[in-house]
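# Residue-level structural notes
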Amino acid sequence: MKLLIKGGTLISPDQKEIFSTDVLIADGKVAVFGNNLEMDRAFIIDAGGKLVLPGLIDLHAHLREPGFEDSETIATGTMAAAKGGFTSLACMPNTNPVADNSSVISFILNKARQGGKVNVFPIGAITAGSRGEELAEMAGLKEAGAVAFSDDGRCISNAAVMYRAMQYATMINMPVIAHCEDTRLSAQGAMHEGYYSTLLGLKGIPAAAEEVMVTRDIILAGETGCRLHIAHVSTEGSVQLIRQAKARGLRVTAEATPHHFTLTDREVTGYNTSTKVNPPLRTLEDVNAVRQGLRDGTIDVIATDHAPHAQEKKEVEYENAPFGISGLETAVGLVWTELVNTGILSPLEAVEKMTANPARILGISKGILAKGADADLTIIDPARTEKVDPARFVSKGRNTPFAGRMLAGVPVMTIVGGKIVFEYAG
Amino acid sequence: MIKKKNLIGLEHIDAPEIELILDTAVAMKEIVFRPIRKVPTLRGRTITNLFYEPSTRTRTSFELAAKFLNADVINISSSASSVVKGESLKDTVRTLEAMGTDIVIIRHPMAGAANLLAGWIGATVINAGDGAHEHPTQGLLDMFTVREKKGALEGLKIVIIGDILHSRVARSDIWGFLKMGAKVSVCGPATMLPAGIERTGASVYCSIDEALKDADVIIMLRIQLERQKAGLFPSLREYARLFGLNRERLSLAKKDALVMHPGPMNRGIEISGEVADSLQSVINEQVTNGVAVRMAVLYLLIGGGDA
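Here's what I pulled together on the structure shown here. (Residues numbered from 1 in each chain as written. Chains lettered and ligands numbered in written order. Predicted model: local features only at pLDDT ≥ 70, side-chain atom pairs only at ≥ 80, totals over all residues. Heavy atoms only, no water.)

## Quick look at the nonpolar core
Residues and elements named next belong to chain A. Counting residues in each nonpolar core, the largest one holds 105 residues, and the members touching the most others are I5, L89, L228, I230 and V335. Here the element with the most residues in this core is helix 10 (residues 331–340); it accounts for seven residues. Residues from two domains meet in this core; each of domain 1 (2–51 + 373–423) and domain 2 (55–362) gives at least three. With sequence-adjacent residues up to four places away left out, I230 is seen in contact with A178, C180, V214, I242, V252, T253, A254 and E255. (Core = buried A, V, L, I, M, F, W, Y, C linked by side-chain atoms within 4.5 Å. Buried < 20%, exposed > 50% of the residue type's maximum accessible area, 1.4 Å probe, protein only. Helix = DSSP H or I, 4+ residues; strand = E, 2+ residues; numbered from the N terminus. Domains from an automatic or database assignment. Contact = heavy atoms within 4.5 Å.)

The structure is reproduced here in structure tokens:
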């Protein structure tokens, strides 16, 4: 099957260029670029007025399988990814059992091959059971297909364990993704500590809970030479610390989520549990600092931290609700509405942060649009706007704080390995 | 008339509504002191006390208020209900609503429980204390008590002392008194002053002596023993020494300053027995006034008809 994408505007992070071209896809690979291409026996896709991108990559998603299939499965999570314009995602190991051994990695890869709509790159745990005590068999995880290590959802509180984990990961040339949270400072916290936590009477999570661990992990990365990726940066202080670390030449990268560059802690007013997320929604100053970090390159990646939860788990008291936002199906619209259309990022910069940059950090041969590359493509319509309607999510998690919001920039087609896995139907 | 269906907190209620509740409570207090304390206002109405936390005074106060107005009252406490069987809050209240209750009065250890309830059911919801969020009827009865003694609230200096961080009473008092034109100060250990509290409009002190200067009303808060284990203060001894209200400290306030406490008191810790039993103390009157204020709230929320 050949696909011929005609009339689109291509955004190419590897060539750092935006240009009009047709794209021919054959045998699952990008075959030919050129204007006014014609081809018999090819399925023609009219991309006039649309943007053609390398398939988007989500560096940080929770697929919940194995263990929490009531909240999401690899099948439903990858379907949500496809609808959101993602052709690849890296999934976090906090499943049950934890992906701390090669058999869980193999299980995830098998499930993804059988029922997955997009490419799945599993992330292995840093420590056994993500308990933060003994190292997981990192080399074995890597051989089984893990692309990075993380105990995401938990922070390794023991600095000596994190130090050794970084030494060991560096030995096998793998990145460590850090969830930075001093759990004693954040204990029982449900939202950002500040004026709104005071108004609402909810226990606060201070910005310091994140920043003390960002500081520690940057120091350890400097000591070990580890490739350290800081997950879900949420505070002004963290952005500054990462900026300084990069200026010193450390191999530190960072990501931010759409909710952290869009929403503030004021959103929690009313106790909507869809606003409960870890790290929490912060202040306007923090949101602006994250946006500035994205603009100046301090923050390399936009990742969703897609954390779906079954509805009944979120329909409880705010303190009892689990942390997490279902993010795959709103990411592109939020990036375009909040960052591109506001001039904070150029379309090329936005695409880099969702393609080439995460691919480079994970060491996967994705995120580029070149002749011979895997035909993973995303077509978005930047002119179309759509209202967020959780009832129409294909993810099992409808836990979004963006319900009812008008977003500009809609993924209209997702192509994985030369196959159309999603097409916008209005 | 009160436009709102529910009473969740004093943050989102305006001064004329507070005024109306306090005025109505004056008439209700008269009923409380009649030989036969029963009026037919809420006959045929069902009120459910849904208490997820142990409480004697608030639950009893609401129950009496409802009974004086002739409503039928159901009491549900968490230990005796399906809560212990793992039923969610949402399912519990939906069940109550299906049985036909007009008002649910909820006390819950978690902030926002009353807000959630109000979104889930059609019955009127009254917050009887949710975590560290609000306790609006306590705030109202505090204002009622002060107004009764001082004639008006405007311009008075109200000082709230103790564990502000965990206190729903403090939050309701801050909103209520500020809206009525009083000046509010809060005072406590730095570890128990919540972030950004000054943005409410309250002044903030760590020195009780400074806070008490020229005070018209002193509201002492209960200190919970478990806060010491959580590392928020070193010892009860030091707490009492730095933040306890005793006779000498009381003299720093105005001569006719009122001493209040939402109860239950830790005598000898946040308040000396001598001060608690002094002529300036209105702690017992707060309890009596609580019934009148709750009658007013029940009446205005569902009993007032088109009046």
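Additional details are given in the paragraphs that follow.
## Considering the state of the cysteines
A disulfide bridge is the covalent bond that connects two cysteines by way of their sulfur atoms. Inspection of the entire model under this criterion finds zero disulfides over all chains. In this structure C226(A) is a free cysteine whose sulfur lies 12 Å from that of C180(A), the closest cysteine sulfur available. Free cysteine: C206(B), not disulfide-bonded; nearest cysteine sulfur from C187(B) at 6.9 Å. (Disulfide = S-S within 2.5 Å.)

## Details of the sheet that holds strand 8 (residues 217–220) of chain B
Residue and element names in this part refer to chain B. If you trace the five strands from one edge of the open sheet to the other, you get 7-6-5-8-9, paired in parallel fashion. On the outer flanks of this sheet lie strand 7 (203–205) and strand 9 (258–260), each paired with one strand and no other. For this sheet the average axis-to-axis angle between neighbouring strands, irrespective of direction, equals 20°. By the bridge criterion, three bridges tie strand 8 to strand 9 in an arrangement that is parallel. Across the sheet, V217 pairs through a bridge with L258, a residue of strand 9. Packing against the sheet, helix 5 (residues 136–150) makes contact with strand 8 and strand 9, and its axis sits at approximately 160° to strand 9. (Pairing = 2+ DSSP bridges. Axes fitted to C-alpha atoms, helices over the stretch in contact; angles between N-to-C directions.)

## Looking at the environment of E255(A)
Residues and elements named next belong to chain A. Tracing the chain through its elements places E255 in strand 16 (residues 252–256). In this structure, E255 is in contact with L59, H60, H229, I230, A231, H232, V233, I299, V301 and A303, ignoring residues within four places of it in sequence. Here H232 takes part through its backbone nitrogen, which lies 3.0 Å from a polar atom of the side chain of E255. (Polar contact = N/O pair within 3.5 Å; in protein donor to acceptor, adjacent residues only side chain to side chain.)

## Focus on the packing of helix 1 (residues 15–32) of chain B against helix 12 (residues 283–303) of chain B
All names here are of chain B. Look at helix 1 against helix 12: their axes get within 7 Å of each other, and the N-to-C directions meet at 120°. Comparing their axes, helix 12 and helix 1 come out oblique. As helix 1 packs across helix 12, the resulting crossing turns out to be right-handed. In this structure, helix 1 uses L20, I21, T24, A25, M28, K29, I31 and V32 to contact helix 12, whose residues at the interface are N289, V291, A292, V293, M295, A296, V297, Y299 and L300. Looking at side-chain class alone, the contact of helix 1 with helix 12 contains 14 nonpolar, two polar and one charged residues. (Parallel < 35°, antiparallel > 145°, perpendicular 65-115°, else oblique. Left-handed = near helix turned anticlockwise from the far one by under 90°. Nonpolar A, V, L, I, M, F, W, Y, C, P; charged D, E, K, R; others polar.)

## Details of the interface of chain B and chain A
Note on interface size: it is often stated as the accessible area lost on association of the parts. In this complex, chain B contributes 22 residues to the contact, which on the side of chain A involves 16 residues. For the pair chain B and chain A, the summed buried area comes to about 1600 Å², and 59% of that belongs to carbon and sulfur atoms. Between the two partners, chain B and chain A, sit one salt bridge. Between E315(A) and K90(B) there is a salt bridge, with the nearest N and O atoms lying 2.8 Å from each other. Where chain B meets chain A, there are six residue pairs in polar contact (both at pLDDT 80 or more). Breaking the side of chain B that touches chain A down by element, the ones donating at least two residues are helix 3 (89–98), helix 4 (113–120) and helix 6 (168–179) of chain B. Counting residues per element, the side of chain B that touches chain A draws most heavily on helix 4 of chain B, at three residues. Its residues assigned to classes, the side of chain B that touches chain A comprises 11 nonpolar, six polar and five charged. (Buried area = accessible area lost by both parts, 1.4 Å probe. Salt bridge = Lys/Arg side-chain N within 4 Å of Asp/Glu carboxyl O.)

## Observations concerning the packing of aromatic side chains
This structure, assessed with the given rule, holds four aromatic pairs over all chains. Aromatic pair Y271(A) and Y318(A): ring centres 6.5 Å apart, planes at 70°, arrangement edge-to-face. Pair noted here: Y271(A) is in the loop between strand 16 and helix 8 (284–295) and Y318(A) is in the loop between helix 9 (311–314) and helix 10, with a separation of 47 residues, a long-range link. Like Y318(A), Y271(A) is buried. Centre to centre, the rings of Y239(B) and F243(B) are 5.6 Å apart; their planes meet at 35°, and the pair counts as tilted. Of this pair, Y239(B) and F243(B) both sit in helix 9 (residues 236–243), separated by four residues, roughly a single helical turn. Across this residue pair, the class does not change: Y239(B) and F243(B) are buried. Here the aromatic residues F233(B), Y239(B) and F243(B) are joined through ring pairs into a cluster of three or more. The ring of F323(A) carries K276(A) above its face, with NZ or CZ at 4.8 Å from the centroid. (Phe/Tyr/Trp six-rings, centres within 6.5 Å; stacked < 30°, edge-to-face > 60°. Lys NZ or Arg CZ within 6 Å of the ring centre and 35° of its normal.)

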